[in-house]
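A look at the structure
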Amino acid sequence: MKEAKALIEQEYKYGFVTNVEADAIPPGLDEDVIRLISLKKKEPEFMLNWRLEAYQRWLKMQEPHWQNVSYPNIDFQDIIYYSAPKSKKDGPKSLDEVDKEILETYEKLGIPLDEQKRLAGVAVDAVFDSVSVGTTFKETLKKVGVIFCSFSEAVKEHPELVKKYLGTVVPYADNFYAALNSAVFSDGSFCYIPKGVRCPLELSTYFRINAQNTGQFERTLIVADEGSYVSYLEGCTAPIRDKNQLHAAVVELVAFKGAQIKYSTVQNWYAGDRNGKGGIYNFVTKRGKCAGERSKISWTQVETGSAITWKYPSVILQGDNTVGEFYSVALANNHQQADTGTKMIHIGKNTKSTIISKGISARFGKNTYRGLVRVQPGALNAKNYTQCDSLLIGDQCSANTFPYIEVQNRTASVEHEASTSKISEDQLFYAKQRGISGENAVSMIVNGFCKEVFKNLPMEFAVEAAKLLGVSLEGSVG
Amino acid sequence: MDARAWEFEGSLKREIQMIMVQDQKKDKHSKALEHYESLFHGLNATCKSSEPSWLEVLRRNAFLKFSQIGFPTTKTEAWKYTNVSEIETARFQNVQRGSSLVVKEEFDQMFPFSLNGTRLVFVNGFFAEHLSILPNPQDGVVISSLDLAIKTHPEILKSYLTRETNTEDVFATLNKAFIQDGVFVYVPQNLEIKNPIHLIFIQGESQSLSLVQPRNLIVIGPRSRASIIETFFSVSEHAYFTNGVTEMVAEEGATLRYGRVQAEGKKAYHVYATNVQVGKESSFSSLVLDLGAKIARHNLNVELLDVGASCNLNGLYFPRSGQHMDHHTSIQHQKPEGVSRQLYKGILSGASQAVFCGNIFVAPGAQKTDAAQANKNLLLSSEATIDTKPQLEIFADDVKCTHGAAIGELDPTQVFYLKSRGISELKAKEILSLGFAVEVLNHAELETTHEYFETLVKNQFEGNYCEK
Amino acid sequence: MLQIKNLHVNVNGTEILRGIHLEIRGGEIHTIMGPNGSGKSTLARVLAGHPDYEVTEGEILFKGENLLELSPEKRARSGVFLAFQYPVEIPGVTNSYFLRAALNEIRASRGLEEMDASDFLAFLKEKMKLVEMDASFASRFVNDGFSGGEKKRNEVLQMLVLEPLLAVLDETDSGLDIDALKLVSRCTNLMRSKERAILLVTHYQRLLNYVQPDFVHVLMDGRIVKSGGRDLALKLEELGYEWMREPGSLKGA
């Protein structure tokens, strides 16, 4: 496939650094650091106590090593746990007050925070390093009763909601990184959709790591009350840095009776250079709970960035007739490693889950799908369909599939299919014989491979994802 | 790998409980090891004079390794779904050679199948010559008990038994530490052994808690053909433990067929490893049928070592109430152009459990590998549990690998169709279940032993169908 | 339009074509016949620039240009079309998307404007009617799950859409029932024009009942052993290929 060699190797587009003065605390972690974070955020006491409990628990936990990825030990005392762009006042009250440099950063990223220029239909919360720098369309949302704000704001403005739902899906003791996040999380997005409301806008959070040696620990909590609907988009980028940076986020979703949450991610953290230097460690816990009957949670993810991606957006299908979905495209190019998949826990009757996973490995990439489908004894007529396909480009990469299927109910119907393929010389020749260039043929075939996932993304995101995949693959076929 | 860590960790309370339990467990582990140490010394005392020194060294090193690792827990990934603490805590005992004598009439009554060809019968793990039918000697072919072969062919046995393996399970290590008897088959090049070679292991009624550790070694030379059928059979009501290993080598261009029937007694524990090495352009096919035992585990490891090696693995398991059946298969495609096929099916009734874990590994450079694996399960009872884990690990790009797993009930439209033709519901289910199983029999290349397996499968379903 | 001079081709070190001479002018239809393994498909694929084939000697001129120097996509853009004997499946990529990408790249190379999706669909629909393909084919994945006949018809459709200058049909007639054969023939005849040349590679003369060739060439053991008109095909049908192998038959027949 020599035509692919002709593909110009494109540098990571989002690798610039923004020069803003940061208010950061020195690296390291102890109780005082947590108290300081909480103080800086002017949090109520319950929040601080929760953080401290999580920290105590974290101290007793061990870093997990079962996953199919390898990386040097992380020195947790060498990480800056809080970094915020310094602003003249306490915090931006409106977008006008947001630092110009930051607004420009987001513009460069293609995330318009300026409401004037904004295409109708998406409300954005932007998180820069550790803090939210602005949320758009607040007024529109307010009219229908939707709360969409930064997590810090929610802690202050809606403590009762935060207190009620925080940690109900991902308890702080859930795992090592969830505990760490619970102790030190700095910001994130909070979203509450009241009963019967169909959120009129796509909600979106844009995450950006800017400062050096900083860990980003954001936390997102979405609560969809009875009969409501929300579609939420998440995007991420970071500057090019030689040193690896840790990103350990937690996302919790709660869907009540008849509610529907659609959560889409396009993850494009800096992946490291061609030789595997630098890049983000993306260790994330994402879980949703279909608490009420007929509720539905749908995860769609396009994972093209990060040096290491390690996450399993999961759904607990607690209510009867609930639906869980997971659509994923994960790319491991150069020296990237991805160990990702989902867990579908069927508890209620007539629960249904669908898993479509597309893994692409190129150059030295290492891609692992790991998934659990569990049907509990009471989950009558539970249904699952899983399809995991791998596409390998080059003979130095690898693709692994590790599904776990546990069924304790005879009325369950569980189906798992997996296949592996490559872009064949014959396909390339066929396309070329029709006049299509090699680069376009590769990108066409890869996008075809991912089609079932892309169609679940909102239109604009799908286009962006397809482009991103093309760019991320450049220089990989050779 | 800590398998549990991946699951949702529970509350602090559970953690504390775990720590408390751990202390008790430690005690359990060390007591078990002490017990096996005494068994090991007991065996040494009786064997020392008769066995060659290399074998003694081999056994001693194996025991050392076993005592370092110890019995697995459900935290060990490979034993996540099969709890062997019952095996660990039971105090099984070595059986003395010749301790239980079964006369031919008794045997014929116990084992009601007439099988053609060669047959080697073992009672409580020891070769019973009077029950066996050995073929006329053929140029260079060796078919004998392992015990005898150690004396007659020490060099060959030494070279195969002392090979280093990295895939050895701790139970196989334990078996190695207690090597005493089993079967040795050696077929030189360019020979076809027409009739299947039956290896029949029966457990007499004699004593409770016996520990039987057979070890078989089968070597099929270049371009030769042979079929080996192992049957583990017992009507014993006692608890006993069969911990066996069969090692097979199919050299370049050889064809090896392997059948295995596990029909141990109701209270038996059965842990068995079959390790197969398949050479250049040679082919291995197998059918394993699991019917008996309380807890049964079979590890089938197939290494496709050279270009164009192929394997076709088939399995059927029918656990009923109180039974736990676990199949772990591993296929390693080491070189290009290997082909592997795999079809395992289970029918679960009553409060039974089954586990299937199938791993397909494609090494770097093993291009043009073609691997397909399927695991299908029928759940007939609401108390049955199935855990299945089909896995692919692929390090080459020009390969075709697929796997699939399916779990479900009998298709109600099919049941209805049969009922509408006047067939009772029970009979309809029986017919459909049998049909589900027969696909595997047809998929396996059984040739002359097809009938034997078919009879065993039919017996399982006819009349005594589904206790719910 | 096309000049092949003393073409020698190797596949995996074995010589398959051993000195082919052939000239095709605009407006002509040529047929290449020959027994299995004679090198017919090799010739077709070499014209398209398949990477498995190594040209060891000779040259191919297309519109006076050295075709062998061009990459497969450049050959396609300059007007060479190959209807594959065994078209490959491309799951996930729809027929219409694929064809529009191809057409637009070809148009761009000729300085023409891109055709937008809706114009293209209307254009494609017309062409699909000609090959009696259901509209749903446009949204099906390229050859994915197509029957043998459907694949062949899809090749013909692509030819109609891309409007090449030189169309090479590699056994497009094999495996077709009589109705499909007539349809393929009708479309091939539609393509016939003064500017365009067609090269039919086939086993059977039955195709020639519907498409009148100007020349028939017999390819055996990597060489064209005989050329003639329509009658040659009939004679082959009657006598088979073996009679040509006999010594002296080259002149005598």
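Residues numbered from 1 in each chain as written. Chains lettered and ligands numbered in written order. Predicted model: local features only at pLDDT ≥ 70, side-chain atom pairs only at ≥ 80, totals over all residues. Heavy atoms only, no water.

**Details of the sheet that holds strand 10 (residues 197–202) of chain C**
Residue and element names in this part refer to chain C. Strand order in the open sheet formed by 6 strands is 6-9-10-3-11-12, and the pairing between neighbours is mixed. The outermost strands of the open sheet, each flanked by one partner alone, are strand 6 (80–83) and strand 12 (223–228). Across the sheet, the axes of successive neighbouring strands diverge by a mean angle of 20°, strand direction being ignored. Here 4 bridges tie strand 3 (residues 29–33) to strand 11 (residues 215–220), and the two strands are oriented parallel to one another. Its bridge partner lying in strand 11, M33 is registered against V218. (Pairing = 2+ DSSP bridges. Helix = DSSP H or I, 4+ residues; strand = E, 2+ residues; numbered from the N terminus. Axes fitted to C-alpha atoms, helices over the stretch in contact; angles between N-to-C directions.)

**Some points on the interface of chain A and chain C**
Counting from both sides, the interface comprises 18 residues of chain A and, opposite them, 34 residues of chain C. Both faces considered, chain A and chain C share a buried interface measuring about 2000 Å² in area, 65% of it formed by carbon and sulfur atoms. When the buried surface of chain A facing chain C is broken down by residue, A:F429, A:Y430 and A:R434 rank first, second and third, together holding 38% of it. The tally of links between chain A and chain C comes to 1 salt bridge. Here A:R434 and C:E155 are joined by a salt bridge, their closest N and O atoms 2.6 Å apart. Among the secondary structure elements, those contributing two or more residues to the side of chain A that touches chain C are helix 9 (425–433) and helix 10 (438–454) of chain A. Here the element with the most residues in the side of chain A that touches chain C is helix 9 of chain A; it accounts for 7 residues. (Contact = heavy atoms within 4.5 Å. Buried area = accessible area lost by both parts, 1.4 Å probe. Salt bridge = Lys/Arg side-chain N within 4 Å of Asp/Glu carboxyl O.)

**Considering the confidence of the model for chain B**
In the predicted model, chain B carries a mean pLDDT of 88, and the fraction of residues at 70 or more is 92%. A low-confidence stretch, residues 1–12 of chain B (pLDDT under 50), is modelled with 32 contacts involving residues beyond four sequence positions or located in other chains. (pLDDT = per-residue confidence, 0-100.)

**Section: the nonpolar core**
With 114 residues, the main nonpolar core has A:I360, A:V446, C:I4, C:L7 and C:F98 as its most contacted residues. The element that contributes the greatest number of residues to this core is helix 10 of chain A, accounting for 9 residues. Look past the residues within four positions of A:V446 in its chain and what remains in contact with it is A:I360, A:L391, A:I393, A:I423, A:L469 and A:L473. B:I143, B:Y258, B:A293 and B:L304 belong to the second-largest nonpolar core, a separate cluster that totals 100 residues. (Core = buried A, V, L, I, M, F, W, Y, C linked by side-chain atoms within 4.5 Å. Buried < 20%, exposed > 50% of the residue type's maximum accessible area, 1.4 Å probe, protein only.)

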